[in-house]
Amino acid sequence: MTGGYMGKLLRVDLTSQTWTTAPLPEEAVLRQYIGGIGLGMRILLEETSPSVKATDPEAPLLLMTGPLSGTAAPSSANLAVISLNYDTPFAVATGHSHGYWAAYLKHAGYDGIVVTGRSERPVYLWVDDDRVEIRDASHLWGQDTRETERLIKRELGDEEKISVACIGPAGEAMLHGASIKNDRNHGAAKGSVGAVMGSKRLKAVAVRGTGEVPLAERSRFLEVCNRWQEAIMADPAPGEGAPSVGKLLSEAGIMRGYTYVGESHMLAGKNLTDPLWGERYARRMVEAAQNWTITPKESYNCTIKCAYDCRITTGPFAGFTASLCGGGENIEGAAAMIGVEDPGAAVALTDYFDAKGIDSSVAGSLLGMAYELYNKGVLTREETDGLDLSWGNYEAAMTLLDQMCSGEGFGGRVLRRGLKEAAQLIGRGAETCVLHIRGGGINMHDWRPAWSVLLGQIVAGAGVCWQGPGVDAWTTEPDLGYTEFAPGTIPEGKAEAVAKTQIKKLWEDTLGVCWFACWGVKGVLDYASQAIALATGWTDFDREEALTVGERMVNLQRVIAVQRGFTPADEFDISPRLLEAPAAGKAAGRSIQPYLEQMVKEYYRLMGWDETGRPTAATLERLGLAGLL
Ligand code: SF4
């Protein structure tokens, strides 16, 4: 078998409660799609009819690794979760998580798991090298993600070498935004992959593996990986760009650098109504964290350690330890959207949402809408069944999430329906303030001061998600010729930056490494393509071929969308709030709206798509996708 791969997929049919193994596609196909979202989307496209919905039993849920997962490549921990998109029905969903799960699955001998069918009773899957069991999970149904991990490890008799990916009550209730959590501090949520897992009554997948990933040229592979690792943490020379995101976020770095988000007025405060409040929120958070005990939590072979546990020593949650993921969206999410003032309460609220297994972007947007309407006097206390949704009331937010999971109260009756439907049900202006793009939750910052990120979220092919960041915020992309930040609120250059960074990002999503080991790292296009060449033995694989893989991914997403009914109008199905000019802050008075149509047209042109957003026959032919549309 080609190095980097274990050579087989585990296929599980939960309707018949059976499993089997299947060989990976032939080598020529692997070279075109690599792994992760690439192989996952190809399998999904080949095996799913356009009429199938995300939560139908026949809809597959794919838990995929890449050829670098579980190797010495930096942060080789990427678990790519692929399914149909529960929030944006015509799109594919691609969620990403890290921790240890993907590496352990590789070591158990599999490149991925394809789950179809629906079990009659709750079950979990136990993969222990060659041994596979579908086990009863009735006693786990209803448990949160933390407790589910703990109970399964105890049941299987190994606290150390097992990784558990599971859903919580939000996934069981098939809530929009439901996530799949693993290794406590990690999770995948985009497209509501946790709801897809819940629809199959699959509570968890536990893995343990003792094998090793084969490599074509081991010693040279290790050399390249070492150079790549050093590049992540290198201080860029003058004129060579900004520090990489991996460097910025290293050792729980978000708790040091969060003021950047606030000062850039990108903090999603009070449902995007008050950027200046967001600036104060970020400052309070960083100050408070200086007195807390922050313990960075690593993933497999990851020296960045962006995730962390956080022992709160101040405020009403003093003494509580929260387990958090590593990005800024995490401490923003629902807490900032509803205006929580106390930093400890904000972190504890995030921990609560993670434990229930729901993503802060969808949950935060649902709550932000409800709190804004309540504080404007549009929603009454009678309608919320007595809940006081004054800005900052985190206890009510916890109750609302519980209601969404149980189906009771205002949360169960209204918010449980998801962003667009809940807004339509409320009416009275809710549609103008609910944050969404095509029904999905944005990555939770206020992107109105960073138009390339906003455009990237708008055109993202896997429903709204972070896949074409441009270079307005966080870092630059020296490998693409971007060594300086671009001004955030001008239209010029945004479409090109989104097209280029999206192609690079989606290539990186096929590898099996965490994006934080790639984003803004000088030389990473060469390091990663050399690592693939040396792992697999494809000696002439280079950065040009890598970018072609990325371009193939962007087009594959669009092919899936068009086949499943995407129309040009869907491109502009965007919350009006995201198109408004902010009232204050760095982007005050600036709106992307007058320029958006032209920016999208330019993006289409650069991608080789026609004016309706459909890849042309020539583009598909060039990328080996001929005949798919
Ligand atoms: S950078 Fe963060 S998310 Fe990525 S693998 Fe490392 S700890 Fe996990």
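Whatever comes next refers back to the structure up there.
This structure is a prediction, so every number in the text was calculated from the model and none was measured.

## Regarding the overall build of the protein
Within the protein one finds 25 helices and 15 strands. Taking 629 residues into account, the globule formula puts the C-alpha radius of gyration at 25 Å, and the protein, at 22 Å, falls close to it. The principal-axis extents of the C-alpha atoms in the protein amount to approximately 65 × 55 × 50 Å. Burial status across the protein gives 65% buried among its 629 residues.

## Here we look at the site of the ligand
With respect to spatial proximity, the complete set of residues near the ligand consists of Ser-75, His-98, His-186, Lys-297, Ser-299, Cys-302, Ile-304, Lys-305, Cys-306, Cys-514 and Phe-516. Taken together, the residues that form the shell around the ligand break down as 5 nonpolar, 4 polar and 2 charged. Mapped onto the domain boundaries, the shell around the ligand takes at least three residues apiece from domain 1 (8-208) and domain 2 (245-425).

## Structural notes on the packing of helix H11 (residues 275-289) against helix H13 (residues 343-356)
For the pair H11 and H13, interaxial distance at closest approach is 9 Å and the crossing angle is 90 degrees. Taken together, the axes of H11 and H13 are roughly perpendicular relative to one another. Where H11 approaches H13, its residues Tyr-281, Arg-284, Met-285 and Ala-288 are matched on the opposing element by Pro-343, Ala-346 and Val-347. Class assignment for the residues of the contact of H11 with H13 results in 6 nonpolar, no polar and 1 charged.

## A word on the packing of aromatic side chains
Inspection of every chain in the model, using the stated rule, returns 19 aromatic pairs. When the centroid spacing of 6.4 Å and the interplanar angle of 70 degrees are considered together, the rings of Tyr-258 and Tyr-281 count as edge-to-face. Here Tyr-281 lies in helix H11 and Tyr-258 lies in the loop between helix H9 (254-257) and helix H10 (259-263), a separation of 23 residues in the sequence. The pair Tyr-258 / Tyr-281 is uniform in exposure class, with both members buried.

## Some details on the nonpolar core
Counting residues in each nonpolar core, the largest one holds 216 residues, and the members touching the most others are Ile-113, Trp-228 and Met-369. Here Trp-228 is in contact with Leu-68, Ala-73, Pro-74, Val-513, Ala-517, Cys-518, Val-524, Tyr-527, Ala-528 and Ala-531, once residues within four sequence places are set aside. Listed in part, the 12 residues of the second largest apolar core include Trp-126, Leu-140, Leu-151 and Ala-206.

## Considerations on the sheet that holds strand S13 (residues 293-297)
With respect to topology, 3 strands assemble into an open sheet ordered S13-S14-S15, the strand pairing being antiparallel. Every other strand in the sheet has two partners, leaving S13 and strand S15 (321-324) as the edge strands with one partner each. Looking at each pair of strands side by side, their axes are set apart by 20 degrees on average, direction ignored. Alignment of S13 against strand S14 (residues 307-311), held across 5 bridges, turns out to be antiparallel. Pairing of Pro-296 across the sheet is with Tyr-308, part of S14. Packed on one face of the sheet, H13 meets S14 and S15 and runs near 60 degrees to S15.

Rules used throughout
Residues numbered from 1 in each chain as written. Predicted model: local features only at pLDDT ≥ 70, side-chain atom pairs only at ≥ 80, totals over all residues. Heavy atoms only, no water. Helix = DSSP H or I, 4+ residues; strand = E, 2+ residues; numbered from the N terminus. Rg over C-alpha atoms; globule rule 2.2 N^0.38 Å. Buried < 20%, exposed > 50% of the residue type's maximum accessible area, 1.4 Å probe, protein only. Near = heavy atom within 4 Å. Nonpolar A, V, L, I, M, F, W, Y, C, P; charged D, E, K, R; others polar. Domains from an automatic or database assignment. Axes fitted to C-alpha atoms, helices over the stretch in contact; angles between N-to-C directions. Parallel < 35°, antiparallel > 145°, perpendicular 65-115°, else oblique. Contact = heavy atoms within 4.5 Å. Phe/Tyr/Trp six-rings, centres within 6.5 Å; stacked < 30°, edge-to-face > 60°. Core = buried A, V, L, I, M, F, W, Y, C linked by side-chain atoms within 4.5 Å. Pairing = 2+ DSSP bridges.

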